[in-house]
Amino acid sequence: MSLNCGIVGLPNVGKSTIFNALTAAKAPAENYPFCTIDPNMGVVTVPDERLDRLTEIFKPKRKVPTTMEFIDIAGLVSGASKGEGLGNQFLGHIRSTDAICHVVRCFEDSNVIHVSGSINPLSDMETINTELMLADLDSIEKRWTKSEKTARASSDAKVKVEFETLKKLRAALEAGRPARSVELEDEEKIAARDLFLITAKPVLYVANVDEKGLKESNPWVEALEKRAAEEGAEVVRICGAIESEIALLEPAERVDFLNDLGLKEPGLNRLIHSAYKLLGLITFFTAGPDETRAWTVSNGTKAPQAAGVIHSDFERGFIRAEAYHCDELFKYGSEQAIKEKGLYRSEGKEYVVQDGDVFFFKFNV
């Protein structure tokens, strides 16, 4: 799937450092505003212990993990919605993403300047959110006059729904609430999609802390978590500097490094999983002697459409899906044992894929 997550925030909060660690890319990360001008794009592997365990059981010739895309977008500043700091260009990049990872600086370092002169995560968070809401409000205002005039003159229900949607969204944005906070009817949701509003996208806050902040209470992070909870959003706490070091190590060295730090896994794993969940994605597997592979679909996908992710012919000629859950395989040890337990299923066209399903698709073209 082509779903992606845009990494945004003020300049010098650690966006490019985190992106470089995520993708092992070489995006510039110098200590000055607007170092990143063009968005850097990188495809990252989604860590999944279940795929590793499937590989141990089937011993295939190759293992193929699923992936997702991250986009590192240059730092926004106050006034970006009016073009400050190349803001219009950056906002255009954000509009093309499916979700937002908002990096907020929660560490003190005299060697890394802050564009506002002091560390204040809530103020930083509000600066970005305000600029995104102002940009959305500008988009709505550009549609407003024409939509209002058309709605008054037309008896077309679709036209009236569009204007009612604009009214709801404008009222929320003017009150300082993002578009995603507005409750819309199904028809209004369709109308809202055509507006491509930035604040309608789901958001994940990333608290970039120092090493101490990973292990101890951090008042900046606590304040950020409280504010995010009020929005119904999640906060992932990571240390960009440490993640950069981990990314340069060999796999065996990473384990020792993490153990020395008292960590079970890299913080970036939590970030990737949280972003994956934010996008409403789940994973199913195919497994056999040639290959074990993870596949990505949206939550709620039915079996034929999941088959189509593998190949369009699988969906077009779908007959059924032979299935079991990976947890059942891990519990009983083999497909034969699953069959003996009566857990090996045959699912039809209306079956909704569950995260962790293992499929063998039957089709005829």
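The model shown is predicted, which means the values in this text are computed figures rather than measured ones. (Residues numbered from 1 in each chain as written. Predicted model: local features only at pLDDT ≥ 70, side-chain atom pairs only at ≥ 80, totals over all residues. Heavy atoms only, no water.)

S.K.: Would you mind showing me how to read a negative patch on the surface here?
M.R.: Where like charges cluster on the molecular surface, the negative patch consists of Glu-183, Glu-185, Asp-186 and Glu-187. Tracing the backbone through its elements, the reader meets Asp-186 in helix H6 (residues 186-193). (Patch = residues over 30% accessible without salt bridge, like charges linked within 9 Å, V, L, I, M, F, W, Y side chains within 5 Å. Areas by Shrake-Rupley, 256 points an atom, 1.4 Å probe, with all protein chains shown as cover. Salt bridge = Lys/Arg side-chain N within 4 Å of Asp/Glu carboxyl O. Lys, Arg positive; Asp, Glu negative; His and termini not counted. Charge placed at Lys NZ, Arg CZ, Asp CG, Glu CD. Helix = DSSP H or I, 4+ residues; strand = E, 2+ residues; numbered from the N terminus.)

S.K.: Got a minute to help me understand the environment of Leu-132 in this structure?
M.R.: In this fold, Leu-132 is placed in helix H4 (residues 121-153). Through-space distance from the C-alpha of Leu-132 to that of Ile-94 is 9.3 Å; in sequence the pair is 38 residues apart.

S.K.: Looking at this structure, I do not really get the sheet that holds strand S1 (residues 4-8). What am I missing?
M.R.: Neighbouring strands of a sheet are bound in pairs by backbone hydrogen bonds; such pairs are parallel or else antiparallel. In spatial order, the strands read S2-S4-S1-S5-S6-S7; together these 6 strands make up an open sheet with mixed pairing. Strands with a single pairing partner mark the edges of an open sheet, and in this sheet they are strand S2 (40-45) and strand S7 (234-238). The mean angle between the axes of side-by-side strands here comes to 25°, regardless of whether they run parallel or antiparallel. In this structure, S2 lies alongside strand S4 (residues 67-72), joined through 6 bridges in antiparallel fashion. When the bridges of S4 are listed, Met-41 appears paired with Ile-71. The strands that helix H8 (residues 219-231) touches are strand S5 (99-105), strand S6 (203-208) and S7; relative to S6, the one it contacts most, it runs at about 175°. (Pairing = 2+ DSSP bridges. Axes fitted to C-alpha atoms, helices over the stretch in contact; angles between N-to-C directions. Contact = heavy atoms within 4.5 Å.)

S.K.: Please clarify how the packing of aromatic side chains should be interpreted in this entry.
M.R.: Aromatic rings considered in pairs are described by the distance between their centres and by the relative angle of their planes. Inspection of the entire model under this criterion finds 9 aromatic pairs. Plain terms: the ring middles of Tyr-324 and Tyr-344 are 5.8 Å apart, the flat faces sit at 35° to each other, and that makes the pair tilted. Remark: Tyr-344 occurs in the loop between helix H15 (335-340) and strand S11 (345-347) and Tyr-324 occurs in strand S10 (residues 318-325); sequence separation between them is 20 residues. Judged by relative accessible area, which is 25%, Tyr-344 ranks as partly exposed. Within the aromatic cluster, the residues linked to one another by ring pairs are Phe-284, Trp-295, Phe-318, Tyr-351, Phe-359 and Phe-361. A cation over an aromatic ring shows up here: Arg-170 above the ring of Trp-144, its NZ or CZ 3.5 Å from the ring centre. (Phe/Tyr/Trp six-rings, centres within 6.5 Å; stacked < 30°, edge-to-face > 60°. Buried < 20%, exposed > 50% of the residue type's maximum accessible area, 1.4 Å probe, protein only. Lys NZ or Arg CZ within 6 Å of the ring centre and 35° of its normal.)

S.K.: Whenever I open this one, the pattern of salt bridges confuses me. Can you help?
M.R.: Between side chains of opposite charge, pairing is possible as soon as their charged atoms come close. According to the stated counting rule, one finds 24 salt bridges in the structure shown. A salt bridge links Lys-63 to Asp-52; the shortest N-O distance between them is 2.8 Å. Residue Lys-63 is located in strand S3 (residues 62-64), and its partner Asp-52 is located in helix H2 (residues 49-58); the two are separated by 11 residues in the primary sequence. Here Lys-63 falls in the partly exposed class, since its relative accessible area comes to 42%. According to the relative accessible area criterion, Asp-52 is partly exposed, its value standing at 32%. Of the charged contacts, one joins Arg-143 and Glu-162 as a salt bridge, the two residues approaching to 4.0 Å between their closest N and O atoms. With Arg-143 in helix H4 and Glu-162 in helix H5 (residues 157-174), this residue pair connects regions lying 19 residues apart in the sequence. When its relative accessible area of 30% is taken as the criterion, Arg-143 is described as partly exposed. Look at Glu-162 and you get partly exposed, because its relative accessible area is 30%.

S.K.: Could you clarify how one ought to interpret the environment of Ser-274 in this entry?
M.R.: For Ser-274, the location among the structural elements is in helix H11 (residues 267-278). Note on Ser-274: relative accessible area 10%, which makes it buried. Taking the C-alpha atoms as reference points, Ser-274 and Val-236, separated by 38 residues in sequence, lie 7.8 Å from one another. Look past the residues within four positions of Ser-274 in its chain and what remains in contact with it is Leu-204, Glu-234 and Val-236. Here the side chain of Ser-274 touches Glu-234 through a polar contact of 3.3 Å, side chain to side chain. (Polar contact = N/O pair within 3.5 Å; in protein donor to acceptor, adjacent residues only side chain to side chain.)

S.K.: Can you help me understand H5 in this one?
M.R.: Between its first and last C-alpha atoms H5 spans 26 Å; for 18 residues at 1.5 Å apiece the expected length is 26 Å, and the two agree. Among the residues of H5, Val-161, Phe-163, Thr-165, Leu-166, Leu-169, Ala-172 and Leu-173 are the ones counted as buried. Buried residues along H5 sit in contact with H4 and H6. (Expected span 1.5 Å × (residues − 1).)

S.K.: How should I be thinking about the environment of Asp-210 in this particular structure?
M.R.: Looking at the element boundaries, Asp-210 is found in the loop between S6 and helix H7 (211-215). Between the C-alpha atom of Asp-210 and that of Arg-105, which follows or precedes it by 105 residues, the distance is 9.5 Å. The residues contacting Asp-210, other than those within four sequence positions of it, are Phe-107 and Cys-239. A polar side-chain atom of Asp-210 sits 2.8 Å from the main-chain amide nitrogen of Gly-213.

S.K.: Explain unusual backbone geometry here, please?
M.R.: For residues other than glycine, phi is negative in most cases, and the peptide bonds are mostly trans. Positioned with a positive phi, Asn-12 is a non-glycine residue whose angle comes to about 65°. Relative to the helices and strands, Asn-12 is located in the loop between S1 and helix H1 (15-23). For Asn-12, a relative accessible area of 12% corresponds to the buried category. At Phe-196, a residue that is not glycine, the phi angle is positive and equals roughly 50°. With respect to the helices and strands, the residue Phe-196 is situated in the loop between H6 and S6.

S.K.: Is there a simple way to think about the nonpolar core in this case?
M.R.: Within soluble globular proteins, side chains that are nonpolar generally end up buried alongside one another. Leu-22, Met-68, Phe-70, Cys-101, Tyr-205 and Leu-271 are the most contacted members of the largest nonpolar core, which has 53 residues in total. With 16 residues, the next largest nonpolar core counts Ile-140, Trp-144, Val-182 and Leu-195 among its residues. (Core = buried A, V, L, I, M, F, W, Y, C linked by side-chain atoms within 4.5 Å.)

S.K.: Looking at this model, I keep getting lost on the confidence of the model for the protein. Mind explaining?
M.R.: Segments scoring low in pLDDT should not have their predicted coordinates read at a detailed level. For the protein, per-residue confidence averages 87 on the pLDDT scale, and residues scoring 70 or more make up 88% of the total. Counting interchain partners and residues more than four positions distant, the pLDDT-below-50 stretch residues 25-37 has 39 contacts. Between residues 83-87, whose pLDDT stays under 50, and residues either more than four places distant or in other chains, the model counts 9 contacts. (pLDDT = per-residue confidence, 0-100.)

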